[in-house]
Amino acid sequence: MSSPQKTPKYGRILLKLSGEALAAGKGMGIDAEVLDHMSLSVAHLVGLGVQVGIVVGGGNIYRGSTLQQQGLVGRVTGDQMGMLATVMNGLALRDALERRNMKVRLMSAMKIGAITEEYSSRNAIRHLSSSEVCVFVAGTGNPFFTTDTAACLRGIEIEADLILKATKVDGVFDKDPVKHPDAKKHDFLSFDEVLDNKLGIMDLTAIALCREHDVPLQVFDMSKPSALLSVVMGEKEGTLVFHNKGQ
């Protein structure tokens, strides 16, 4: 006799994928294997009835810091170029998800009518409630804000139960685990601890938004098999950041 299927702990999530994660350590470009793995992981969640929003970065296609340092482009232009890079990643992610028979909405904070839908929180919630995956691109639509901040903002706007930050390591450590084999992982942290110790999970604006609106944040290793599913099912995975530590 088979055991009853578990119910996901979180009904609606916002997943933040960095451009670097899509490049799979290659620096630039999109790795087809990673894209396929991510789409499969999301498909598993949708199959369980979880509503999924995704914010994608663009660092694998464009990094404006070099051009800005050389004085070739201004900060605003550089950030706008970065926003367009996220649109390219979003297009690739949308098609990968659609190949797994999911309905997907590509929603942009910038007006790009020919290939994206203009972002609206009301429409996004409506799409999510209809079991459509929403891929949010172009950051916040404004310069000077990171895609981390965009992820927290979108998570708050769509009333997500959890914001997930996919990284290259399994959570938050007291020091760099790559350089220090004895680094210890935090299973739980408070937002105040992250801000006070400048742990660098996300930029300070993003963390402050989560704290103000009391939306929990989970940091985990996306490359780890079934990690995304484990997080959504409420199993121990990565580091969970709460308003109050250990809640």
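Nothing here was measured: the structure is a model prediction, and the numbers come from that model.

Engineer: What should I look at first to understand the pattern of salt bridges in this one?
Structural biologist: Side chains that differ in charge, positive against negative, can pair when their charged atoms come close. Inspection of the entire model under this criterion finds 15 salt bridges. With a shortest N-O distance of 2.7 Å, R100 and D36 are connected by a salt bridge. With a gap of 64 residues between them, R100 in the loop between α4 (75–98) and β3 (104–108) and D36 in helix α2 (residues 32–47) connect regions that are remote in the sequence. Taking the relative accessible area as the measure of exposure, R100 reaches 28% and is therefore partly exposed. E237 is paired through a salt bridge with K224; the nearest N and O atoms lie 2.8 Å apart.

Engineer: Got a minute to help me understand the nonpolar core in this structure?
Structural biologist: The nonpolar side chains of soluble globular proteins are, as a tendency, buried together. By size, the foremost hydrophobic cluster in this structure holds 37 residues, and its most contacted members are I13, I54, L97 and F220. Those residues in contact with I54 that sit more than four places away from it in its chain are L14, L15, L17, V42, L93, L97, V133, C134, V135 and F136. Counting 30 residues, the second largest nonpolar core, distinct from the first, contains L14, F136, V194 and A206.

Engineer: Before we go on, may I ask you to explain helix α6 (residues 147–157) in this structure?
Structural biologist: Each α-helix winds once per 3.6 residues, and so residues spaced three or four apart point in a common direction. Most of α6 sits inside the fold, with eight of its 11 residues counted as buried. Buried within α6 are the following residues: D148, T149, A150, A151, C152, R154, G155 and I156. Check the buried side of α6 and you find it contacts β1 (12–17), β2 (51–56), β5 (133–137), β6 (162–167) and α8 (204–213). For α6, the N-terminal capping position is held by T146, with its side-chain oxygen 3.3 Å away from the main-chain nitrogen of D148. E159, located one to two residues past α6, shows a positive phi value of around 60 degrees.

Engineer: What is the right way to look at a nonpolar patch on the surface in this model?
Structural biologist: Taken together, V76, F144 and F145 make up a surface patch of nonpolar side chains, about 290 Å² in accessible area. Relative to the elements of secondary structure, V76 occurs in helix α4.

Engineer: Is there a simple way to explain the packing of aromatic side chains in this structure?
Structural biologist: A ring pair, where both rings are aromatic, is described by two values, the distance of the centres and the angle of the planes. Tallied over the full model, the rule gives one aromatic pair. A centroid spacing of 5.5 Å and a plane angle of 90 degrees characterise the contact between Y119 and F136, whose relative ring orientation is edge-to-face. Here Y119, found in the loop between β4 (117–118) and α5 (121–129), pairs with F136, found in strand β5; they are 17 residues apart in sequence, far enough to count as distant. When sorted by exposure, Y119 lands in the same class as F136, which is buried. The side chain of R154 reaches across the aromatic face of Y119, ending 3.7 Å from its centre.

Engineer: Looking at this model, I keep getting lost on the pairing of β1. Mind explaining?
Structural biologist: Sheet faces and side chains relate simply in a regular strand, where the side chains alternate between the two faces. Burial within β1 is extensive, with six of its six residues counted as buried. Burial of the side chains of β1 extends over both faces: R12, L14 and K16 are buried on one face and I13, L15 and L17 on the other. Judged from the six bridges that link them, β1 and β2 form a sheet pairing that is parallel. Across the sheet, the residue bridging to L17 is V56, located in β2. Relative to β6, β1 runs parallel, the two sharing four bridges. The residue bridging L15 from the neighbouring strand is L164, located in β6.

Engineer: Would you explain the pairing of strand β10 (residues 217–221) in this entry?
Structural biologist: Across the five residues that make up β10, a large majority, five, are buried. Sheet topology note: the β6/β10 ladder contains five bridges and is parallel. Paired with A166 across the strands is F220, a residue of β10. Bridge count for β10 against strand β11 (residues 239–242) is three bridges, and the pairing is antiparallel.

Quick notes on the rules
Residues numbered from 1 in each chain as written. Predicted model: local features only at pLDDT ≥ 70, side-chain atom pairs only at ≥ 80, totals over all residues. Heavy atoms only, no water. Salt bridge = Lys/Arg side-chain N within 4 Å of Asp/Glu carboxyl O. Helix = DSSP H or I, 4+ residues; strand = E, 2+ residues; numbered from the N terminus. Buried < 20%, exposed > 50% of the residue type's maximum accessible area, 1.4 Å probe, protein only. Core = buried A, V, L, I, M, F, W, Y, C linked by side-chain atoms within 4.5 Å. Contact = heavy atoms within 4.5 Å. Polar contact = N/O pair within 3.5 Å; in protein donor to acceptor, adjacent residues only side chain to side chain. Patch = residues over 30% accessible without salt bridge, like charges linked within 9 Å, V, L, I, M, F, W, Y side chains within 5 Å. Areas by Shrake-Rupley, 256 points an atom, 1.4 Å probe, with all protein chains shown as cover. Phe/Tyr/Trp six-rings, centres within 6.5 Å; stacked < 30°, edge-to-face > 60°. Lys NZ or Arg CZ within 6 Å of the ring centre and 35° of its normal. Pairing = 2+ DSSP bridges.

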